[in-house]
Structure formats: structure tokens, C-alpha cells
Amino acid sequence: MPVLSGIRVLDLAYGWSGAMAGMLLADQGAEIVRVDLPNQPLRQHLGAHVWLRGRRSLQLDPNQPESGEIVRKLALRADVLLADATMAKGATVIPPYDELAADHPRLIYCLLTGYGEEGPLAEEYGHDHLVAARTGVHDQPGWREGPTYISVPIPSLATAGLAVQAIGAALYVRERTGRGQRVTTSLFAGGLAAQPGMVNSQRPMAERGFGVVGRHPFGSSPFYRIYECADGRWLHFGCLTPRLIQNAIRALELRELFTDPRFGDGRNIPTPEARNELIEIVTGIMRRQPYAEWAELFEREDVPYAPPQWTEDFMDDPQVRHLGLVVDAEDPEVGPIELMGPTFFFRGDPGRFPGPTPLIGQHTREVLEELGYASEDVDRLGKEGIISS
Amino acid sequence: MEGPLAGIKILDMAQVIAGPYGPALLSDLGADVIKVEPTAGDSLRGLGTGSLGLNKGKRGIAIDLQKLEGRHIMHRFAAWADVLVENYRPGVVQRLGVDYETLRRINPRLIYVSVTAFGGTGPYAHRPGVDPLLQAMTGVERAQGGRHNPPIFLRIAVCDYITAILQSSAITLALYHRERTGAGQYVETSLLQGGIFSNSEAFSRYTGRPERPLPDAGQHGLDALDRMYQTADGWLFLVVDDEEHWLSLTATAGFEALAQDGRFATAALRARHDAELAKWLEEVFLREETEAWLERLGASKVPRAPVYQQYSQLLFNDVQAILNGYVIRRDHAQLGEIEQPGNFIGFSETPPRGEGLAAPVLGQHTDEILREFRYSEGEIAELREKGVVQ
């Protein structure tokens, strides 16, 4: 049995992080009903065919009072309500916790906000890119001076994980006490959670700063850095320990160089000048051979390396295939689809693919009939424009 | 500490980032975490301030696991723990005698969490794996460079941190499951899965799939209305992603001319003239300082944010962070009082309360912990003398 089998989730998430959190729950067997609203940009996002998988979808007009009633009925039979209006457009149908808790004290109500519920920014539009800017995520060396836009949505990814952490903890507590609760986190918290090195101290600390990346977009540590090969492909070294650095030095036939104490052991290099000089030397050597030849050598010499490549190309990687991290499915909108598998495995139950992303309103009738609406009532709701299917 | 996980005991024998950071996050929820380090210390020690965040909320003991007595201590701990987290290369825990099959015989309710680089089996399982290799393979670095630039190595160890957060969420789900069924279990995740999740929007393939949106050549953002702009003294980020926000922008002093410009009259036209719009905005934003723009854009409700650099210096005075409780204070054995981010989740019924711990220095709680496990003073002295603990 999947870990979350029997857990019903009402998905009122219209931002990226809520969508991702819902996916993590679906992957572990939760039964999710999603309330889709018209014209939400989340549905247009490339990620929707991945993040919104494993739900049933009901579509409502958020401006109709009867829609609120339907949502309330759904909430009263849910174990978890997942609410994320951070990137929503227009009216949503998220009921306040207090209106549900009295009638349903076992409910776990998880609310995701942009900047937290307190403070001057509490009501601001919580867009991932803005929170990333504000929490220093874009403070990244790139190919010009100044900050660099970061492509991966770091605040949303972290917040999705925190949301599942919160829901799991609340389910654990409920199992012990019988009571649900309201749990909250924010994109702002997610942006901070992804940067645990922030510390403030009255006393001096060991160096702050940029660690192994330094102020160069390829990285600043000679054997923990990206280089260009002869054929224009790139190669990233990942030699973290002295032993692995020695492997790289041997493979590149650089041993003689290290008779000069200026270069230290290749990891602790006494001066920035010597470090840069070493990087220059390795840059020159790496340009002499194409990627495939280097890869063959480094395999033989036990030098950790990897190719910077496109995500789509990683889908065919033998390790990814071996772990079953690419799943084949039939998406009702786009047809045959390959997409990511689960992010963690419980050995007791390796999980199952929870099904594709539903069409908007694909299960409207089915879900309403489960709620006790008669077929004629569903017809009427459709005619009055309250629901769509 | 009180909190939803008060009473939950976590044995953290992981090192560096993706392993240890999971238990650190759960310490915020009230879990009692013991960090077991090799006597030489976690290999992250000495590399900047990271360890203070990745190991907050833990007590620390240093044990030489190569020695048989070290293994015996671990077995006593395993009988006590609800959760164990490790991130050795596959095969190492078997050699050390602290693998799941061994420990479940001591404690069948144990939740045993393995965090690997590439998974427990398969062609790469035994390769050493570190965050940058997964950044490279899973597409983080190419997506960062985009179509116009070489790849970029991200300063934020995204595969590490995201894997750690996923791991900690898997632990809470496993605790729930154990409460319901009585059964512990073996949980696995990997940097590889954290990296795929980080790129999940593009980890799909189907006929007619749109291209992944990628940054412009200047690495400012995705388009003229979703990007950063340089100002007279810094940078700001602008997101104008619907008609309402466009009307707010064009009603703001300095931007009225946009409303009259036929090239930008509709969303479709703005997309067609994106480069011209970007150039227009670049010139305007350069004229004044960031604060002035933020105030003006804020007054007309245009979504915007400062692009902070060295935010780690600003966080501790940031009203938004402080009022939401995201800045916590801890008493560190060497540094005295420190501030760091934390308390990321609010719980209405089980709010975390009480004094949290700062990251331990190496072996800070060795004696205290051994006493709790009923080692006598004589035994502790002997273990120290033999170099089993430190």
C-alpha cells in the first residue's frame, strides 16, 4: 500500500510550488481532487503536464456562490486541503480555515503564501522570480557584470518540499491526537531554506562568500569547475577530495607542475594568482581533445566528471532508465508522453505512477456525483455556468 | 523543543549537505537530532559557514566507526532512534555494520533513510557524486546558460538542498505511515532525483512540446516584462504578466508613454516587439535609483522586487523575514549568539517552541550523549583513550 493511500487531498493550488507539492503527494498514493478555475496561467505552464499529474479535475466558476458550497463539501470530506494562490489570477475559491475547522477538526489545511502572512509584503503578488530576486537567489556570477537570472525556480521547489514536510508532520500529529491543524509556509521561506549558509555573528567567522563557485560562472576551484573541450562541448569536474584531485592531476599529466609549491595540492592553493594560473593551464589542456576522449580517460582514471547537458537529453541516460525515473503515460491532451518518475522511494511500497495530468474539468460530473449531486443537479450547474466539464 | 515532531529521535550519520540538512530542517519541528561525525569531522567543516546552517538544531558526537566499539555505540543508538539518515556510497554502511538489514533487527520500527548521489543500484551507483555533477547532468547548468551562453555553475547547490528538503518531507510521511501501521521502513532518494525534480518542468517528452523558456542573451530573465533591469545604483526585477499589471505599469509616473505606444497596445503586440520594449525599459530604469523605482512601482501596485546581492548581510535586518519569524537566534559554542534563517513552517496546534540548538562543534556533546546511553564515566574515559570517541 502506498504511504498516502486513502488520504484525500483537495487541491486548490494555482501557483507552481503548490502544483509541485501536489505531485509529490500524488506520487505517494494520495487521492487528489483538483478544482480548476478558468484562465489560470499555471495550466499554460510547460510544467503543468508533469506537476498536475495524478489528480481528478473539476472546473468551477469562482464568482458563483454555489461554487463556494461545492468547495466546502469537498473540503469537509478531505484529509488535506492544499491552498496556493501565490500566482493565481483573479478570484479563487479558497475558503478560510476557520470556516472549515469547526465542522471538520481533523482537516489539515496547508496554505502557501508569497512572503508569509505578516509584514509589509504579506499582500504582495508572490511570483517565484520576485521572491528569488528578493532573497538573493539571483546573486550569481554570469556572463556579464551584475546579478544573473536563475532558471530553476528555487523558491518554488524548496517551498513544495516544505509543504509536504508540513503535511506529513501534521498527518503524524493527527494520527496521535485525532486533530488536524492549519500549517503554512511561503516562497520567501523556501528561498531562505535553499540558502542555509546565511549566518550572522557578533564574532568573526571563517570566510563567508561564494565557496567553490567564486566569482566565475564556470567555478573558481580548478578541479571542481567547467571547461570547454576541443569539440565545443563542456565538461564539469567534480573532484572534491584530495584523492580525486590527485586522480585528475595524474590523468592530465600535471604531476610535474605540482613540484612547484605555488600550486599547493591542487585544492588548497596558496594565492589567487596561482589558482588562476592553474585554471588557465587546465583550460589550455582541455581544449586539446574532444569530450568523448576525455570521458574515456576519466572513466579509466576514476576522475569524477559530467557533461553539462540539456534536461531532455538526460531522459535517455542509462542510470535514469535503470532507476525507472522516466515513466510512459497517455496524456489526455498531448497523447503519449514520457515524464519524470518519483522523487523518493519507500521500499515498503515503491509507488506507482499516479496517472497523467487531467483535462480541465475532466472529472467534474464524476466528482459531483460522488458528493451526492444528482445527475439533473449536475446538468443544472452546467447550464448555469457554475461548473464546466 | 516542542513542536509537531517533539519526541522524535533522529540519528544523523550523514555528511556534507544533502544528508545532514534534512535532519536540521526537522529539528525546527522539534525533533531531537544526534549528529554522529567521524573523529576527523564532517568533511564540510572548515568550508565557510555552511555547516552552521546544515547542522543547526543537533547535538554532536564524534565516533570512529572503523572501530568495533564505535559500531557497538551505533547499535545502541539505533535501538533508540526513530529515524536514521546516512549518505555513504552504496556498500559502505554494510562494511561499517550499520546497514538497514542489521539495524532493523535491533529496531524494527526504524525509518532508515539513504541519500545517495545516483541511487543504490545501476551503472553509476558506485561513482562519487557531488552537486555540480548533477547540476551538469540534469540540465541546471545548460538551462542557466540558455541558448546564447555557455553553461553556468550555480552558486546555490540546488541539487543538494532540494534533495535534502525532499528527504525531510519523505521522513515526515514515513513517520505518519509508521504511526498508522507500526512499521518502519527503508527510504531512498538521490541527488539525481533532486536534480530531476529541480528540472521537472522540462523533464517530459511528447509530440508538439513547447520549448522550455530560457533566459535571454543578457541573462536578465524570460522577456521584457519578466526580467531584471539595471537602475542608477543596482538592479530590480519586474513581473508584468497580465493586463491588470500592464495597466498599473503604464499608469506609473515615467511609464505613461507606453500606454500611447501602438507597438505595445496588446499582449500579442508586446510579445512581437519584446526587444524594443526591453530596450525602452532599460533606458528608463537606468535614470533613477532602485529604492525610488520600488516606491513608485509599489504605489501603483506593479509587481516588483529588489534584486539583492549579498542578501546574507541584509536578511538579519529584513522586516519581512523578522516579522514572519524566519530569523532565529542560537547560542553557538564558539561564536556566541548567532542569527540564521529557520522556522520555515507555521503550525497552528503544535507550534515549535523553546530553545533550539546551534550547530555543534566537533564532539561537543560526546560525554553528555554517552551518559544518556548509560555509559559509565570509566567506560567513557576508556573510549576516549582508545580513540573510539572524541
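Fair warning: this is a prediction, and the values are worked out from it, not measured in the lab.

**Student:** Sorry if this is basic, but what is going on with the overall build of chain A here?
**Tutor:** Along its length, chain A carries 14 helices and 14 strands. Based on the C-alpha atoms only, the size of chain A along its principal axes is roughly 85 × 55 × 40 Å. Taking all 389 residues of chain A together, 53% fall into the buried category. Partitioning the intrachain contacts of chain A with sequence separation of at least 6 by distance along the chain shows that 68% fall at a separation of at least 24.

**Student:** Just to check I follow, could you spell out the overall build of chain B for this structure?
**Tutor:** Broken down by element type, chain B carries 18 helices and 14 strands. In terms of its C-alpha atoms, chain B occupies a principal-axis envelope of roughly 85 × 50 × 40 Å. Burial status across chain B gives 55% buried among its 390 residues. Nonlocal contacts in chain B, meaning residues at least 24 apart in sequence, comprise 70% of its contacts between residues at least 6 apart.

**Student:** Mind showing me how you'd approach the sheet that holds strand E12 (residues 327-332) of chain B here?
**Tutor:** Hydrogen bonds between backbone groups are what pair the strands of a sheet, and the pairing can be parallel or antiparallel. Across the sheet, three strands lie side by side as E7(A)-E13(B)-E12(B); this open sheet has antiparallel pairing. Edge positions in the sheet fall to strand E7 (200-201) of chain A together with E12 of chain B, since each of these pairs with one other strand and no more. In the sheet, E7 of chain A pairs with strand E13 (residues 336-341) of chain B via two bridges, with the strands oriented antiparallel. Considered in E13 of chain B, the bridge of Ser 201 of chain A is made with Ile 338 of chain B.

**Student:** Please explain helix H14 (residues 290-299) of chain B as it appears in this structure.
**Tutor:** For an α-helix, 3.6 residues make a turn, and residues three or four places apart therefore share a direction. Residue and element names in this part refer to chain B. Listed in full, the buried residues belonging to H14 are Thr 290, Trp 293 and Leu 297. The arc that holds the buried residues of H14, viewed along the axis, is 65°, so those residues lie on one side. Along H14, the residues that are exposed and aim more than 90 degrees away from the buried face are Glu 295 and Ala 299. Of the surrounding elements, those touching the buried residues of H14 are strand E10 (235-239), helix H13 (274-285) and strand E11 (304-306). In the segment just after H14, Lys 301 is the residue with positive phi, at about 60°.

**Student:** In this structure, what is going on with the interface of chain A and chain B? I would like to understand it.
**Tutor:** Interfaces are often sized by the accessible area lost when the parts come together. With 121 residues of chain A at the interface, the matching set in chain B holds 122 residues. Tallying contributions element by element places helix H6 (residues 154-177) of chain A first for the side of chain A that touches chain B, with 16 residues.

**Student:** Would you mind showing me how to read the packing of helix H8 (residues 242-251) of chain A against helix H10 (residues 291-301) of chain A here?
**Tutor:** For any two helices packed against each other, the geometry is given by the interaxial angle and the distance between the axes. Residues and elements named next belong to chain A. The contact between H8 and H10 brings their axes to 10 Å, and the two run at 130°. Taken together, the axes of H8 and H10 are oblique relative to one another. The handedness of the crossing between H8 and H10 is right-handed. Of the residues in H10, those in contact with Asn 247, Arg 250 and Ala 251 of H8 are Leu 297, Phe 298 and Glu 301. For the contact of H8 with H10, the residue count by class is three nonpolar, one polar and two charged.

**Student:** Got a minute to help me understand unusual backbone geometry in this structure?
**Tutor:** Most peptide bonds take the trans configuration, and most residues that are not glycine carry a negative phi. All names here are of chain B. The phi dihedral of Gln 219 is positive, around 60°, even though this residue is not glycine. The residue Gln 219 is located in the loop between strand E7 (204-205) and strand E8 (221-223) in this model. A positive phi is found at Arg 374, a non-glycine position, where the angle reads about 65°. Within the fold, Arg 374 resides in the loop between helix H17 (366-372) and helix H18 (377-385). The exposure class of Arg 374 is exposed, given the 8 C-beta atoms found within 10 Å.

**Student:** Help me out: how do you make sense of the nonpolar core in this one?
**Tutor:** As a rule of thumb, soluble globular proteins bury nonpolar side chains together. Judged by nonpolar contacts, the single largest core of 236 residues is most densely connected at Leu 81 and Cys 110 of chain A together with Leu 84 and Tyr 161 of chain B. Excluding residues within four positions of it along the chain, Cys 110 of chain A makes contact with Val 80, Leu 81, Leu 82, Ala 83, Ala 163, Ala 166, Ile 167 and Val 183 of chain A.

**Student:** In this structure, what is going on with the pairing of strand E3 (residues 58-62) of chain B? I would like to understand it.
**Tutor:** Each regular strand shows side chains that alternate between the opposite faces of the sheet. All names here are of chain B. For E3, the tally of buried residues reaches four of five residues, placing the bulk of the element in the interior. Pairing geometry for strand E2 (residues 32-37) and E3, over five bridges, is parallel. When the bridges of E3 are listed, Val 33 appears paired with Lys 58.

**Student:** Which parts of the structure should I look at to understand the confidence of the model for chain B?
**Tutor:** With 100% of its residues at a pLDDT of 70 or more, chain B has an overall mean of 96. Across the assembled chains, the prediction reports ipTM 0.98 with pTM 0.98.

**Student:** Looking at this structure, how should I read the sheet that holds strand E10 (residues 305-306) of chain A?
**Tutor:** Residues and elements named next belong to chain A. Sheet architecture is open: three strands sit in the order E8-E9-E10, paired in antiparallel fashion. The open sheet terminates on both sides in strands that have one partner only, identified here as strand E8 (226-228) and E10. Pairing of strand E9 (residues 234-237) with E10 involves two bridges; the strand directions are antiparallel. Each residue of the ladder has a partner; that of His 236, found in E10, is Ala 306.

**Student:** Can you help me understand the packing of helix H6 (residues 131-138) of chain B against helix H8 (residues 158-181) of chain B in this one?
**Tutor:** All names here are of chain B. Running from amino to carboxyl end, H6 crosses H8 at an angle of 95°, the nearest separation of the two axes being 7 Å. Taken together, the axes of H6 and H8 lie roughly perpendicular to each other. Across from Asp 131, Leu 134, Gln 135 and Thr 138 in H6, the residues of H8 making contact are Val 158, Cys 159 and Asp 160. The residue makeup of the contact of H6 with H8, split by class, is three nonpolar, two polar and two charged.

**Student:** For this particular structure, what's the right way to read the environment of Ala 253 of chain B?
**Tutor:** Residues and elements named next belong to chain B. Within the fold, Ala 253 resides in the loop between helix H10 (243-250) and helix H11 (256-260). With 9 C-beta atoms counted inside 10 Å, the residue Ala 253 sits in the exposed group. Taking the C-alpha atoms as reference, Ala 253 lies 74 Å from Glu 377; in sequence the two are 124 residues apart.

**Student:** Would you take a moment to explain the environment of Leu 4 of chain A for this structure?
**Tutor:** Secondary-structure assignment places Leu 4 of chain A in the segment before strand E1 (8-13). With 258 residues separating them along the chain, Leu 4 of chain A and Arg 262 of chain A place their C-alpha atoms 57 Å apart. With sequence-adjacent residues up to four places away left out, Leu 4 of chain A is seen in contact with Leu 25, Gln 28, Gly 29 and Ala 30 of chain A together with Leu 173 of chain B.

The rules we used
- Residues numbered from 1 in each chain as written.
- Chains lettered and ligands numbered in written order.
- Predicted model: local features only at pLDDT ≥ 70, side-chain atom pairs only at ≥ 80, totals over all residues.
- Helix = DSSP H or I, 4+ residues; strand = E, 2+ residues; numbered from the N terminus.
- Buried ≥ 20, exposed ≤ 12 C-beta atoms within 10 Å, placed from the backbone.
- Contact = placed C-beta atoms within 7 Å.
- Pairing = 2+ DSSP bridges.
- Arc of directions from axis to C-beta.
- Axes fitted to C-alpha atoms, helices over the stretch in contact; angles between N-to-C directions.
- Parallel < 35°, antiparallel > 145°, perpendicular 65-115°, else oblique.
- Left-handed = near helix turned anticlockwise from the far one by under 90°.
- Nonpolar A, V, L, I, M, F, W, Y, C, P; charged D, E, K, R; others polar.
- Core = buried A, V, L, I, M, F, W, Y, C linked by C-beta atoms within 7 Å.
- pLDDT = per-residue confidence, 0-100.

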